[in-house]
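Chain residues, written in single-letter form:
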Amino acid sequence: MAEEEFTDINGNLISLDCQTHSAFCREFTVTSPKLSLRKVMVYTCFIWLFAYAVFFFTENTAVLSSAIILTLVGMMIHIHFVKVDHETLLIIGSLGVQLSSSYASGRESTIFIEMSKLKDIVINEAVYMHSIIYYLCILIKDPADPETVASVVPLFQSSKPRLNCLVQVYRSCQEILAQTS
């Protein structure tokens with residue numbers, strides 16, 4: 001049960017909570033910072049001031065109404081579909097891997113991958129914007145040919161932890177995978 005502070009690829013603080021339930025079961029939770037009220041207020045004020053400026057010149061009240069409605073709908077969509085509070089990886093040696101994402105609105109999404117479908121867990125690299133980032137991913141076996149990879153499932157997509165955090169999760173996952181094979 002160790003919680004450590006790391007940073008994501010943008011330099012924002014994230015925390016990694018590692019829980020060992022047994023020798024064959026570990027849970028990793030990466031928690032992102034909460035939604036900043038200051039940031040929300042700045043965006044809202046900017047949009048509403050722009051709408052008021054347009055209203056001042058056009059004298060059309062629909063501009064103000066639509067700005068308020070668009071801002072509220074945009075915030076709800078962002079909170080419900082985009083802003084992830086924490087992501088969890090639960091690996092159970094005999095069963096498989098469960099991936100969970102909890103959104104700011106309370107919505108959760110969960111994916112389970114059976115151990116028989118899992119080929120390996122690796123750290124991969126990718127070009128992101130103008131830099132190279134590392135990400136942890138699960139390689140899924142091809143049902144027709146178990147030696148090839150059918151698909152890749154990236155982990156911690158929203159929090160995007162840096163390499164030092166990924167290495168810690170990777171090593172722990174490899175310990176469990178080595179015990180089960």
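Residues numbered from 1 in each chain as written. Predicted model: local features only at pLDDT ≥ 70, side-chain atom pairs only at ≥ 80, totals over all residues. Heavy atoms only, no water.

### Looking at the UniProt feature "transmembrane region" (unreviewed entry) in the protein
Consideration 1: Feature annotation in UniProt assigns "transmembrane region" (unreviewed entry) to the following positions: residues 40-57 and 63-82.
Consideration 2: As annotated, residues 63-82 has a helix share of 100% and a strand share of 0%, and its two end C-alpha atoms lie 26 Å apart. (UniProt positions renumbered as here; feature names shortened; annotations may be inferred. Helix = DSSP H or I, 4+ residues; strand = E, 2+ residues; numbered from the N terminus.)

### Quick word on the sheet that holds strand 8 (residues 131-141)
Consideration 1: Across the sheet, which stays open at both edges, the 3 strands sit in the order 7-8-9 with antiparallel pairing between neighbours. Strand pairing shows two members of the sheet lacking a second neighbour, strand 7 (118-128) and strand 9 (149-154), which therefore form its edges. With strand direction ignored, the average angle separating the axes of adjacent strands in the sheet is 35°.
Consideration 2: Relative to strand 9, strand 8 runs antiparallel, the two sharing 5 bridges. Across the sheet, residue K141 finds its bridge partner in strand 9, namely V149. (Pairing = 2+ DSSP bridges. Axes fitted to C-alpha atoms, helices over the stretch in contact; angles between N-to-C directions.)

### Examining the layout of surface pockets
Consideration 1: The computed volume of the largest pocket comes to approximately 750 Å³.
Consideration 2: L35, K39, H78, V82 and K83 are the residues nearest the centre of the largest pocket, which is lined by 28 residues in total.
Consideration 3: With 7 residues, helix 2 (residues 61-82) is the largest single contributor of residues to the lining of the largest pocket.
Consideration 4: Looking at the lining of the largest pocket, its residues break down into 13 nonpolar, 10 polar and 5 charged.
Consideration 5: The two domains that each donate at least three residues to the lining of the largest pocket are domain 1 (6-34 + 85-179) and domain 2 (37-82).
Consideration 6: If you trace the second largest pocket, you find 17 residues lining it, with E87, L99, S101, P154 and Q157 closest to the centre.
Consideration 7: Of all the secondary-structure elements, those providing two or more residues to the lining of the second largest pocket are strand 4 (84-92), strand 5 (96-103), strand 6 (108-114) and strand 9.
Consideration 8: Among the residues forming the lining of the second largest pocket, the class breakdown is 9 nonpolar, 7 polar and 1 charged. (1 Å grid on protein atoms, 1.4 Å probe; cavity = no way out; pocket = protein on both sides within 12 Å on 5 of 7 lines; lining within 4 Å. Points joined across faces, edges and corners; volume = space filled by probe spheres on them. Nonpolar A, V, L, I, M, F, W, Y, C, P; charged D, E, K, R; others polar. Domains from an automatic or database assignment.)

### A short note on the domain arrangement of the protein
Consideration 1: Taken domain by domain, the protein holds domain 1 (6-34 + 85-179) and domain 2 (37-82).
Consideration 2: Of note, the centres of domain 1 and domain 2, computed from C-alpha atoms alone, are 36 Å apart.
Consideration 3: Counting residues at the interface gives 4 residues for domain 1 and 4 residues for domain 2.
Consideration 4: Surface buried jointly by domain 1 and domain 2 totals about 380 Å² across both partners, of which 53% is contributed by carbon and sulfur atoms.
Consideration 5: Considering only the surface of domain 1 that becomes buried against domain 2, Y103, S105 and R107 emerge as the three largest contributors, covering 80% of it.
Consideration 6: On the surface where domain 1 and domain 2 come into contact, there are 0 salt bridges.
Consideration 7: Joining domain 1 to domain 2, the criterion identifies 3 residue pairs in polar contact (both at pLDDT 80 or more).
Consideration 8: Here the residues of the side of domain 1 that touches domain 2 are counted per class, giving 2 nonpolar, 1 polar and 1 charged. (Contact = heavy atoms within 4.5 Å. Buried area = accessible area lost by both parts, 1.4 Å probe. Salt bridge = Lys/Arg side-chain N within 4 Å of Asp/Glu carboxyl O. Polar contact = N/O pair within 3.5 Å; in protein donor to acceptor, adjacent residues only side chain to side chain.)

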